[in-house]
Amino acid sequence: GGGWTRIILEKPFGHDTDSCRVLTESLSRSWSESALYRIDHYLGKEMVQNLLTLRFSNIFLSSLWSSQYISSVMLTFKEPFGCDGRGGYFDRYGIIRDIIQNHLVQVMTLVAMEPPTKVDGPEDYIRSQKVAVLKSVLPINPEDVILGQYEGYTDDPTVPDDSTQATFAALKMEVNTPRWAGVPFIFKAGKSLNERKAEVRIQFKSAPASQFMFGVECPRNELVIRLQPKEEIYIKTNVKTPGFSSAPIQSELAVEYISHFGRNLRTPDAYSRLILDVLRGRSAGFVRSDELEESWRVFTPLLHHLESEGVKPEIYKQGTRGPPHDEKVEEWGYRRNEEYVYFDGEVVLKSKI
């Protein structure tokens, strides 16, 4: 007596709602849900694990965390390389299934969920709150999607010459709860782009009457949680322009993990952390079956539409930011600060170049 069985499952967990249900039903014939640990390594990343601590242990953030103050939430995943031999797998799934429907949606639910009773232990407090978020999301509207494919993608011998699979996608989602009504959640993910980055960017509303007061449009405040590389949390805040001008200029209040906690800081990699959680019987960092089905419910109609209609993505050059999408993203609700530009591998203020 006293033994246990725990099964770790790696994605893909199906490719749409129906295949997900078939897989879930097949697994349930042999194992109980409590024995199944569907692993998404993003949930084991240090900064993703930090989200709940950041949200619920800082009263100033708890007070600001709603549509009253937040104008948009953007979740971004960028890689500077292409499929590199994974084209055969990737072409069957695409960027929406491979990144957005699982990794970024998992992070989104942690950003949007209501406070759990506890953040640790074997109970399902966190996972139940994540499911509640997904239940409030309608299926993605195809009108709210931008697709791209990097130039040279079909040169991969494992990819069909006429492939219409997207290697870049930007889309909008809405969370229909009292906390988030009217706030767009914007997802961007792509391969062969200009940098490697994964982050959560929370943009706040404009300061009331600030343009009248200062005579110029004040940049919006942002809270940015960089998941990779160089884990960092920073707040874009406005300060007075140095010298005689009184115009606000944007600066950052930042906590970079390495510089703050020391270069000898060693945090466990995502898989090590999650496998240890399995051994301890801690399920909060794993995906429950109803959570998975709700996620597929949101994305399946869009995916079936794109595939049945043969929607062609726009070709973009490798090493760029992807196909044109800034105008659409601004229409969705994110306001870009034009004083920041991409320079020498980093986003910096024009004034610093």
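On a predicted model such as this, the values are computed, not experimentally measured, just so you know.

S.K.: Help me understand the packing of helix α4 (residues 87-112) against helix α5 (residues 125-135), please; the structure alone is not making it clear to me.
M.R.: Axes are the key here: two packed helices are described by the angle between their axes and the distance separating the axes. Remark: α4 packs on α5, axes separated minimally by 9 Å, with the N-to-C direction vectors making an angle of 100°. The angle between α4 and α5 falls in the class roughly perpendicular. Residue-level inspection shows V105, Q106, M108, T109, L110 and A112 of α4 in contact with α5, the latter providing I126, K130, V133 and L134. Of the residues in the contact of α4 with α5, the class split is seven nonpolar, two polar and one charged.

S.K.: Honestly, the sheet that holds strand β7 (residues 197-204) in this entry has me stumped. Any pointers?
M.R.: Think of a sheet as strands paired side by side through backbone hydrogen bonds, with each pair either parallel or antiparallel. Overall, mixed pairing links the nine strands, which are arranged β10-β9-β8-β7-β3-β6-β5-β4-β11 in an open sheet. Here the strands that pair on one side only, and so sit at the sheet edges, are β10 (248-256) and β11 (314-316). Taken pair by pair, the neighbouring strands of this sheet meet at an average axis angle of 20°, ignoring direction. The pairing of strand β8 (residues 222-228) with strand β9 (residues 232-240) spans five bridges and is antiparallel. When the bridges of β9 are listed, R226 appears paired with E232. Contacts from helix α2 (residues 46-56) reach β8 and β9 within the one sheet, and its direction differs from that of β8 by about 150°. This element, α4, spans β3 (70-78), β4 (145-150), β5 (168-174), β6 (184-190), β7 and β8 of the sheet and lies at about 145° to β6.

S.K.: Please explain the environment of I100 as it appears in this structure.
M.R.: Along the polypeptide, I100 turns up in helix α4. On a C-alpha basis, the gap between I100 and F77 in space is 8.5 Å, while along the polypeptide they are 23 residues apart.

S.K.: Would you take a moment to explain helix α9 (residues 289-309) for this structure?
M.R.: Residues spaced three or four apart along an α-helix point in a common direction, a consequence of the helix completing one turn every 3.6 residues. With 21 residues, α9 should cover 30 Å at 1.5 Å per step; its first-to-last C-alpha distance of 29 Å lies within 8% of that length. The largest bend along α9 measures about 40° and falls at F299, with the proline P301 one to four residues further on. S289, E291, L292, E294, S295, W296, V298, F299, T300, L302, L303 and L306 are the residues of α9 that are buried. Next to the buried residues of α9 lie α1 (17-28), β2 (36-39), α4, α5, β4 and β5. Of the residues one or two after α9, G310 is the one with positive phi, at around 60°.

S.K.: Would you explain a nonpolar patch on the surface in this entry?
M.R.: Among the surface-exposed residues, W4, I8, Y271, I275, L276 and L279 lie close enough to one another that they form a single nonpolar patch of about 560 Å² accessible area. Looking at the nonpolar patch, the element that brings in the most residues is helix α8 (residues 270-280), giving four residues.

S.K.: Mind showing me how you'd approach the pairing of β7 here?
M.R.: Residues in a regular strand point their side chains to alternate faces of the sheet. The element β7 is largely enclosed, with a buried count of eight among its eight residues. The alternating pattern of β7 places K197, E199, R201 and Q203 and A198, V200, I202 and F204 on opposite faces, both of which are buried. Here β3 runs beside β7; their pairing, made up of eight bridges, is antiparallel. Across the sheet, residue V73 finds its bridge partner in β7, namely I202. Here β7 runs beside β8; their pairing, made up of six bridges, is antiparallel. Bridge assignment links E199 to a residue of β8, and that residue is R226.

S.K.: Sorry if this is basic, but what is going on with the pairing of β9 here?
M.R.: From the end of β8 to the start of β9, which pair antiparallel, there are three residues, and K230 there has a positive phi angle of about 50°. As paired elements, β9 and β10 share nine bridges and run antiparallel to each other. Bridged to E232 within β10 is E256.

Rules used throughout
- Residues numbered from 1 in each chain as written.
- Predicted model: local features only at pLDDT ≥ 70, side-chain atom pairs only at ≥ 80, totals over all residues.
- Heavy atoms only, no water.
- Axes fitted to C-alpha atoms, helices over the stretch in contact; angles between N-to-C directions.
- Helix = DSSP H or I, 4+ residues; strand = E, 2+ residues; numbered from the N terminus.
- Parallel < 35°, antiparallel > 145°, perpendicular 65-115°, else oblique.
- Contact = heavy atoms within 4.5 Å.
- Nonpolar A, V, L, I, M, F, W, Y, C, P; charged D, E, K, R; others polar.
- Pairing = 2+ DSSP bridges.
- Expected span 1.5 Å × (residues − 1).
- Bend = angle between axes of the 7 residues up to and from the residue.
- Buried < 20%, exposed > 50% of the residue type's maximum accessible area, 1.4 Å probe, protein only.
- Patch = residues over 30% accessible without salt bridge, like charges linked within 9 Å, V, L, I, M, F, W, Y side chains within 5 Å.
- Areas by Shrake-Rupley, 256 points an atom, 1.4 Å probe, with all protein chains shown as cover.
- Salt bridge = Lys/Arg side-chain N within 4 Å of Asp/Glu carboxyl O.

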